[in-house]
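Remarks on the overall topology
Given next are the chains, with one letter for each unit.
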Amino acid sequence: MHTLASRLRRLPPSCGPVRLIGVDGHAGSGKSTFAGRLAAALGGAPVLQLDDIATHQELFTWTERLLREVIEPLGRGETAHYRPYDWRARRFGPARALPPAPVILLEGVGAGRRALRPRLARLLWMDLPREEAWARGRARDGEEQRAFWARWTEEERRHFAGDPSRRYADLLVRQRTEGYEVRPGLATAPDPDQILTHSDGPSAVC
């Protein structure tokens, strides 16, 4: 993990003074856990979770708000301010500040969408097939979230059909029994719901 963190620190800034790193993947693929560990390896880099940006009404149609409230201010070297969404109360909470930092992680489904890719220094994709990821997510959230998951999977399927991320990822990340394996992304990727069985590129475990 520290090797990857060192590589990311050396990248040129991509959004004003910030190296903005996208961590995308299907819901339940382990993005939050990985982003937390990477942030720690980066010395406490801020993590903006897209769960704080999305809402019940805007599961994937939050692009303009994110650009206006976060991406554009950071691009000017200014502190961004956004209001995290409370999924239980179904309303936005108090404003939260996000100052520019050398590296900021943008974590969540849709972090690699086309409107954001020009501002990303790197795009990482959690390489877990969607059905396996969704099964993990359902098990995590329990029976009370069954109706939400039924809606979510249809919306996520629709999102990635129209705005795929994996084929544009710079790095593919797979969770192993211990740590993570990081492989180069592919310019022309196979079906995103198939597990890669072979790669000619170098890989690293972190």
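Residues numbered from 1 in each chain as written. Predicted model: local features only at pLDDT ≥ 70, side-chain atom pairs only at ≥ 80, totals over all residues. Heavy atoms only, no water.

Describing the packing of aromatic side chains
Going by this rule: When two rings of Phe, Tyr or Trp (its six-membered ring) have centres within 6.5 Å they constitute a pair, described as stacked for plane angles under 30 degrees, edge-to-face for angles over 60, and tilted for the intermediate range. Numbering goes from the N terminus for both helices and strands, where a helix is a DSSP run of H or I of at least four residues and a strand is a run of E of at least two. Two conditions define a charge located above a ring, namely a distance within 6 Å from the ring centre to NZ of Lys or CZ of Arg, and an angle within 35 degrees of the ring normal.
Tallied over the full model, the rule gives seven aromatic pairs. Arranged with centres 4.9 Å apart and planes meeting at 40°, the rings of phenylalanine 60 and tryptophan 152 form a pair that is tilted. Residue phenylalanine 60 is located in the loop between β2 (47–49) and α3 (63–75), and its partner tryptophan 152 is located in helix α5 (residues 146–162); the two are separated by 92 residues in the primary sequence. Among the aromatic side chains, those forming a connected cluster through ring pairs are Phe60, Tyr85, Trp87, Phe92, Phe148 and Trp152. Between arginine 113 and the ring centre of tryptophan 62, over which it is positioned, the NZ or CZ distance is 3.8 Å. Above the ring of tyrosine 168, the side-chain terminus of arginine 117 is found at 3.8 Å from the ring centroid.

Overview of the environment of arginine 37
Worth spelling out the cut-off: Contact criterion: two residues are considered in contact whenever any of their non-hydrogen atoms come within 4.5 Å of each other.
Its place among the elements puts arginine 37 in helix α2 (residues 31–41). Sequence separation between arginine 37 and glycine 112 is 75 residues; the distance between their C-alpha atoms is 19 Å. Sequence-distant contacts of arginine 37, that is, excluding residues within four places in its chain, are made with Met1 and Tyr180.

Focus: the nonpolar core
The condition that has to hold: Nonpolar cores were defined as sets of buried Ala, Val, Leu, Ile, Met, Phe, Trp, Tyr and Cys residues, with membership established by side-chain atoms within 4.5 Å. Throughout, exposure labels follow a simple rule: accessible area from a 1.4 Å probe, protein chains only, divided by the maximum for the residue type, with under 20% read as buried, over 50% as exposed, and the rest as partly exposed.
Formed by 34 residues in total, the largest nonpolar core has its most connected members in Leu20, Leu48, Leu66, Val70, Ile71, Leu74 and Leu98. Among the secondary structure elements, those contributing two or more residues to this core are α3, β3 (80–82), β7 (103–107), β8 (122–126) and α5. Looking at this core, the element that brings in the most residues is α3, giving five residues. Among the nonpolar cores identified, the runner-up in size contains 24 residues, and Leu8, Leu38, Ala39 and Tyr180 belong to it.

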